[in-house]
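# Breakdown of the fold
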Amino acid sequence: MAGHKYERNEKKLAQLRAAAKKGSRVGGARRKVKSNKGGSEHDQKLQQVLKKNKVQPLPGIEEVNFFMKDDTVVQFNKPQVQAAIQSNTFVISGKHARKNKNEILPNMIDSLPQGADLEKLKELIQAQAGGNIPNVDSFEN
């Protein structure tokens, strides 16, 4: 091997090969370890977008219910509600639970204010359902 100053050390090479087969990290590139921030970067971006859209908090909302097509309800208790009325944007965040529609409706009717027009509410519900709701004379048990 002309042109090289260094002699090849076969014993040292054999040790390095054996160490590499065992998985030992001899030489090689170092890997950068990324820390998991738990989504805070996503939350910061979301807050920037909300601030850009001039979203303001709406205090005093105790419960929000989303009625889904599969007869379930996504219920938020004591949610954080924010709104930008001019752009028709509402943000609801907080802990939620998915419940059956039959679990929610009796509690909703009980929480209606005194003197609520139940007949008008009944007509609205039947109109929304396309008449598929059975005729009920009263909402009481």
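Look up: the structure comes first, before these words.
Rules behind the numbers
Residues numbered from 1 in each chain as written. Predicted model: local features only at pLDDT ≥ 70, side-chain atom pairs only at ≥ 80, totals over all residues. Heavy atoms only, no water. Helix = DSSP H or I, 4+ residues; strand = E, 2+ residues; numbered from the N terminus. Buried < 20%, exposed > 50% of the residue type's maximum accessible area, 1.4 Å probe, protein only. Contact = heavy atoms within 4.5 Å. Areas by Shrake-Rupley, 256 points an atom, 1.4 Å probe, with all protein chains shown as cover. Pairing = 2+ DSSP bridges. Expected span 1.5 Å × (residues − 1). Polar contact = N/O pair within 3.5 Å; in protein donor to acceptor, adjacent residues only side chain to side chain. Axes fitted to C-alpha atoms, helices over the stretch in contact; angles between N-to-C directions. Phe/Tyr/Trp six-rings, centres within 6.5 Å; stacked < 30°, edge-to-face > 60°.

Turning next to the overall build of the chain. Tallying secondary structure elements over the chain gives 4 helices and 6 strands in all. Each helix and strand of the chain, placed in order from N terminus to C terminus, yields the pattern α-α-β-β-β-β-β-β-α-α. A burial count over the chain gives 13% of its 141 residues as buried. Sequence separation of at least 24 residues holds for 38% of the intrachain contacts in the chain that already meet a minimum separation of 6. Taken as a whole, the chain presents about 13000 Å² of accessible surface, with 51% of it coming from carbon and sulfur.

Let us look at the sheet that holds strand β4 (residues 80-84). Pairing is antiparallel across the open sheet formed by 3 strands, whose spatial order is β1-β4-β5. Each end of this open sheet is capped by a strand with a single partner; those strands are β1 (56-57) and β5 (89-93). Pairing between β1 and β4: 2 bridges, direction antiparallel. Bridge assignment links Pro57 to a residue of β4, and that residue is Gln82.

Over its 12 residues, helix α1 (residues 10-21) extends 17 Å from the first C-alpha to the last, a length consistent with the 16 Å expected when each residue adds 1.5 Å. With a side-chain oxygen lying 3.3 Å from the backbone nitrogen of Lys11, the N-terminal cap of α1 falls on Asn9.

Another point: the sheet that holds strand β3 (residues 72-77). Pairing within the open sheet is antiparallel, and its 3 strands lie in the order β2-β3-β6. Each edge of the sheet is formed by a strand with only one pairing partner; in this case those strands are β2 (63-67) and β6 (96-100). Sheet twist, expressed as the average angle between the axes of neighbouring strands with direction ignored, equals 25°. Relative to β3, β2 is paired through 5 bridges, and the arrangement is antiparallel.

So, on to the side chain of Asn65. Of note, Asn65 is situated in strand β2. Side-chain polar atoms of Asn65 contact the side chain of Glu63, separated by 3.2 Å.

Going through the model one piece at a time under the given rule, you end up with 1 aromatic pair. Both rings, one in Phe66 and one in Phe76, keep their centres 6.1 Å apart while their planes meet at 80°; by these two values the pair is edge-to-face. Pair noted here: Phe66 is in strand β2 and Phe76 is in strand β3, with a separation of 10 residues, a long-range link.

Let us now look at the environment of Lys78. Tracing the chain through its elements places Lys78 in the loop between β3 and β4. Classification of Lys78 as exposed rests on a relative accessible area of 73%. In sequence terms Lys78 and Ser93 are 15 residues apart; their C-alpha atoms lie 9.3 Å from each other. With residues up to four places along the chain from it excluded, the contact list for Lys78 reads Ile61 and Glu62.

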